[in-house]
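Analysis of the macromolecular model
If you want the building blocks of each chain, they are given just below.
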Amino acid sequence: MGNSRNREERIAAHNLYGDLVYLGKSTGFTLTIKRVSMLKFNYKIIGIGWAICEIQTVNETFTFRASYLSDALGDLLNALLSLNSDMNTESYGDETNFSWYQEPGLTEWHIKAFDIKSNRENLHFKINQYVDDTEKGAPETTSAFTCNYDEFVYSVVESLDRLMQKFGLVGYRAIWLDSDFPVVAYLKLKHYAIHKTAFPFVDGKNGTLKTMTSRDYEMKLLTTDLKDC
């Protein structure tokens, strides 16, 4: 009875207020309503082959671990690119899934996009965490929240700027072991965070190669501080 009432409250609040979203963490699927007025993404490498991702709101902080067994950053950035029709014209979709492995834990990310160009909460996350990926059963925790796509991308890029300042490309590879820093996806998202347009892609029409980007532009973008834009 309580779960049914909570569900009705979530639906009523979501329908009545565009800025009210469901946001919570639980051992099952009972989520609580909380107002999101701030979202901050922070990805930190905490040791060789290990990282922690924190997603912080004014109400709560969600923490997810990743290990070198998966290309955690690459999977997340490519998922964000795949949800944006401007940046992924060939295989665009409004839903994507990927997993982070932690020896033996597992984090499953499920992301849905709704009206990606709007200014509202148009990105919906459901993240299941398991103690052991070989015997999954029910997730140990389920976290869910919604946010705005552009704001989330901006915060992700900000976090990765800090990561690059600390480790650099070669240093990242050395400490993450099995994956390079996803520089191409990062530059595409950083360009989008600044200009709200797709990265100037290479055009190969009629057997010729034409590009609107260059080494100089990409190096400048790599070192640009978002706060200066």
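First, a word on scope: everything that follows refers to the structure included in this document. What you are looking at is a predicted structure, and each value in this text was computed from that prediction instead of being measured.

1. Let's talk about the packing of helix H2 (residues 72–82) against helix H4 (residues 183–195)
Two quantities define a packed helix pair, namely the angle between the helix axes and the distance between the axes. Running from N to C, H2 and H4 cross one another at 45 degrees; their axes reach a closest spacing of 9 Å. In terms of their interaxial angle, H2 and H4 are classed as oblique. Regarding H2 and H4, the two cross each other, and that crossing is left-handed. Where H2 approaches H4, its residues Leu77, Asn78, Leu80 and Leu81 are matched on the opposing element by Ala185, Tyr186, Lys188 and Leu189. A breakdown of the residues in the contact of H2 with H4 according to their chemical character gives 6 nonpolar, 1 polar and 1 charged.

2. A closer look at the pattern of salt bridges
Across all of its chains, the model carries 6 salt bridges by this definition. The salt bridge partner of Asp86 is Lys117, with a shortest N-O separation of 2.6 Å. A residue pair is termed long-range when its members are at least 10 positions apart, and Asp86 in the loop between H2 and strand S7 (95–101) and Lys117 in the loop between strand S8 (106–113) and strand S9 (123–130) qualify at 31 residues. Its salt-bridge partner being Arg173, residue Asp180 comes within 3.5 Å of it at the nearest N-O pair.

3. Points about the nonpolar core
In this structure, Tyr43, Trp100, Leu123, Tyr149 and Phe152 are the most contacted members of the largest nonpolar core, which totals 51 residues. If you tally residues by element for this core, the top one is helix H3 (residues 149–176), at 11 residues. For Tyr43, the residues in contact, after removing those within four places along its chain, are Ala51, Ile52, Cys53, Ala66, Ala72, Leu73, Trp100, Ser159, Leu160, Leu163 and Trp176.

4. Describing the environment of Arg65
Looking at where Arg65 falls in the secondary structure, it is placed in strand S6 (residues 61–67). Taking C-alpha positions, Arg65 is 8.7 Å from Gly105, a pair spaced 40 residues apart along the chain. What Arg65 contacts, discounting residues up to four positions off in sequence, is Ile46, Trp50, Ala51, Ile52, Trp100, Gln102 and Thr107.

5. Remarks on the side chain of Asp161
For Asp161, the position within the fold is in helix H3. Looking at Asp161, its side chain comes within polar contact range of the side chain of Lys190, at 3.0 Å. If we ignore the near neighbours within four places in the chain, the residues touching Asp161 are Tyr186, Lys190, Thr224 and Leu226.

6. Examining the sheet that holds S6
Across the sheet, 3 strands lie side by side as S4-S5-S6; this open sheet has antiparallel pairing. At either margin of the open sheet sits one strand with a lone partner, and together these are strand S4 (39–47) and S6. This sheet shows a mean twist of 20 degrees between the axes of neighbouring strands, independent of strand direction. Where S4 meets strand S5 (residues 50–57), 8 bridges bridge the pair, whose relative direction is antiparallel. Residue pairing across strands places Gly47 opposite Trp50, the latter belonging to S5. This element, H3, spans S4, S5 and S6 of the sheet and lies at about 10 degrees to S4.

Criteria and thresholds
Residues numbered from 1 in each chain as written. Predicted model: local features only at pLDDT ≥ 70, side-chain atom pairs only at ≥ 80, totals over all residues. Heavy atoms only, no water. Axes fitted to C-alpha atoms, helices over the stretch in contact; angles between N-to-C directions. Helix = DSSP H or I, 4+ residues; strand = E, 2+ residues; numbered from the N terminus. Parallel < 35°, antiparallel > 145°, perpendicular 65-115°, else oblique. Left-handed = near helix turned anticlockwise from the far one by under 90°. Contact = heavy atoms within 4.5 Å. Nonpolar A, V, L, I, M, F, W, Y, C, P; charged D, E, K, R; others polar. Salt bridge = Lys/Arg side-chain N within 4 Å of Asp/Glu carboxyl O. Core = buried A, V, L, I, M, F, W, Y, C linked by side-chain atoms within 4.5 Å. Buried < 20%, exposed > 50% of the residue type's maximum accessible area, 1.4 Å probe, protein only. Polar contact = N/O pair within 3.5 Å; in protein donor to acceptor, adjacent residues only side chain to side chain. Pairing = 2+ DSSP bridges.

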